[in-house]
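# Tertiary structure, described
Residues per chain are reported as follows:
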Amino acid sequence: MASGMAMAATPRKAVNVPFGRNYVPTWAFDHIKYFNGGNEIQLLLDKYTGTGFQSKGSYLFGHFSMNIRMVPGDSAGTVTAFYLSSQNSEHDEIDFEFLGNRSGQPYILQTNVFTGGKGDREQRIFLWFDPTKDFHSYSILWNLYQIVFLVDDIPIRVFKNSKDLGVKFPFDQPMKLYSSLWNADDWATRGGLEKTDWSKAPFIAAYRGFHIDGCESSVNAKFCATQGQRWWDQKAFQDLDDYQYRRLKWVRERFTIYNYCADRKRFPTMAPECKRDRDA
């Protein structure tokens, strides 16, 4: 369907809840600090370990949002991740990864989509603000028609359902949400050239919001029981509207530093979904 035919809409406002409503720690419990009754948490990374947490439930489709303040100062070598992932060998995954940098250099936001175990769909952007100064919202809208990555409700990427083009789309494997802060200085900053400066530890990322509005299902479910009945299933969310596509174009033109769709070295033939996703 051509853009403009459907009146699309901004996702509903995320509802802030305490950490424990939707999430549990997964590892290095002592590296998670709780504030204000769990309405804010901090993840700590030091030379011994990073830490992470995951959602209690598994979800097939929905709107997921997190307010994060990234590691300030010299964050080179560190990665802060917020993503959805299923639990099997041919897994589906929808990723936000924030790559730290030397002081004064901008953070890089890398996104990726895995379908049926296949990824290789990296895009990298700079942000139009300093993500270490304040909390900003990072959200995923996922339904049967599209996956939209949003930063402060501005779409920075769309991955449409292109099953008709022979591209797998995540639709029948429930996913949990995960977030973690860890050391990845073998690849994170300038391809691994910049190493983590442990004299600056602990590195701290702060979280609020913890919003989940999804179709909760057992890990083995193949379809969502409320399919078609939730706000994010409605016609307005089957596509972006003209305004959203203009914002996406702004991000593409001004802030995109890598797009797999434009990488002819890695992919001599462009992936079939690229044109539909307005990445080409």
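Residues numbered from 1 in each chain as written. Predicted model: local features only at pLDDT ≥ 70, side-chain atom pairs only at ≥ 80, totals over all residues. Heavy atoms only, no water.

Per an unreviewed UniProt entry, the recorded name for the protein is Xyloglucan endotransglucosylase/hydrolase, and the organism is Heracleum sosnowskyi. Database annotation for the protein, UniProt heading Sequence similarities (unreviewed entry): "Belongs to the glycosyl hydrolase 16 family." Of the protein, the UniProt comment under Function (unreviewed entry) reads exactly: "Catalyzes xyloglucan endohydrolysis (XEH) and/or endotransglycosylation (XET). Cleaves and religates xyloglucan polymers, an essential constituent of the primary cell wall, and thereby participates in cell wall construction of growing tissues." (UniProt positions renumbered as here; feature names shortened; annotations may be inferred.)

### Focus on the pattern of salt bridges
With the rule as written, the count across this model stands at 15 salt bridges. In this structure, Arg266 and Asp120 form a salt bridge, with 3.5 Å as the shortest nitrogen-oxygen distance. Residue Arg266 is found in the segment after β15 (256-259), and its partner Asp120 is found in the loop between β8 (108-114) and β9 (123-125); the two are separated by 146 residues along the sequence. For Arg266, a relative accessible area of 37% corresponds to the partly exposed category. Residue classification places Asp120 among the partly exposed residues on the basis of a relative accessible area of 39%. Among the salt bridges present, the one from Arg230 reaches Asp213, with a minimum N-O distance of 3.2 Å. (Salt bridge = Lys/Arg side-chain N within 4 Å of Asp/Glu carboxyl O. Helix = DSSP H or I, 4+ residues; strand = E, 2+ residues; numbered from the N terminus. Buried < 20%, exposed > 50% of the residue type's maximum accessible area, 1.4 Å probe, protein only.)

### Things to note about empty space enclosed by the protein
Summed over the entire model, instances satisfying the criterion amount to one cavity of 30 Å³ or more. The space that makes up the largest cavity amounts to roughly 50 Å³. Among the residues making up the lining of the largest cavity, the classes are represented as nine nonpolar, two polar and one charged. (1 Å grid on protein atoms, 1.4 Å probe; cavity = no way out; pocket = protein on both sides within 12 Å on 5 of 7 lines; lining within 4 Å. Points joined across faces, edges and corners; volume = space filled by probe spheres on them. Nonpolar A, V, L, I, M, F, W, Y, C, P; charged D, E, K, R; others polar.)

### Describing the UniProt feature "active site" (unreviewed entry) in the protein
What UniProt calls "active site" (unreviewed entry) maps, in this numbering, to Glu93 and Glu97. In this fold, Glu93 is placed in strand β7 (residues 93-99). Glu93 gets classed as buried once you look at its relative accessible area, which sits at 13%. Not counting the four nearest positions on each side in its chain, Glu93 is found in contact with Tyr83, Leu84, Ser85, Asn112, Val113, Phe114 and Met175. Along the chain, Glu97 turns up in strand β7. Since its relative accessible area comes to 14%, Glu97 is described here as buried. (Contact = heavy atoms within 4.5 Å.)

### Overview of the sheet that holds strand β14 (residues 203-216)
What the seven strands build is an open sheet, ordered β2-β3-β14-β5-β10-β11-β12; its pairing is antiparallel. Unpaired on one side and paired on the other, β2 (32-35) and β12 (154-160) mark the two borders of the sheet. Between one strand axis and the next, the sheet turns by 20 degrees as a mean value, whatever way the strands run. Of the pairings in the sheet, the one linking strand β5 (residues 59-69) to β14 comprises eight bridges and is antiparallel in character. Bridging across to β14, Tyr59 finds its partner in Glu216. (Pairing = 2+ DSSP bridges. Axes fitted to C-alpha atoms, helices over the stretch in contact; angles between N-to-C directions.)

### Describing the sheet that holds strand β6 (residues 78-85)
For sheets, the rule is that strands pair by backbone hydrogen bonds, running either parallel or antiparallel. Spatially, eight strands are ordered β1-β4-β13-β6-β7-β8-β9-β15 in an open sheet, and the strand pairing comes out antiparallel. Since the sheet does not close on itself, it has two edges, and those belong to β1 (23-27) and β15, each with one partner. The sheet shows a mean angle of 15 degrees between the axes of neighbouring strands, direction not considered. Inspection of the sheet shows β9 paired to β15 by three bridges, in the antiparallel sense. Residue pairing in the sheet places Arg124 in a bridge with Tyr258 of β15. This element, helix α2 (residues 242-255), spans β9 and β15 of the sheet and lies at about 95 degrees to β15.

### Observations regarding unusual backbone geometry
For residues other than glycine, phi is negative in most cases, and the peptide bonds are mostly trans. Across the junction of Ala201 and Pro202, the peptide omega takes the value 0 degrees, indicating a cis bond. By the element assignment, Pro202 lies in the loop between β13 (176-183) and β14. A positive phi angle is found at Asn36, which is not glycine, with a value near 55 degrees. Mapped onto the elements, Asn36 comes out in the loop between β2 and β3 (40-45).

### Details of the state of the cysteines
Under the counting rule described, the total for this entry stands at two disulfides. Residue Cys261 pairs covalently with Cys274 via a disulfide, S to S 2.0 Å. Disulfide Cys261 to Cys274: torsion about the S-S bond roughly -85 degrees, handedness left-handed. Of this pair, Cys261 sits in the segment after β15 while Cys274 sits in the segment after β15, and the two are 13 residues apart along the sequence. Per residue, the accessibility class of Cys261 equals that of Cys274, and both read buried. When the cysteines of the protein that form disulfides are numbered from the N-terminus onward, they connect as 1-2, 3-4. (Disulfide = S-S within 2.5 Å.)

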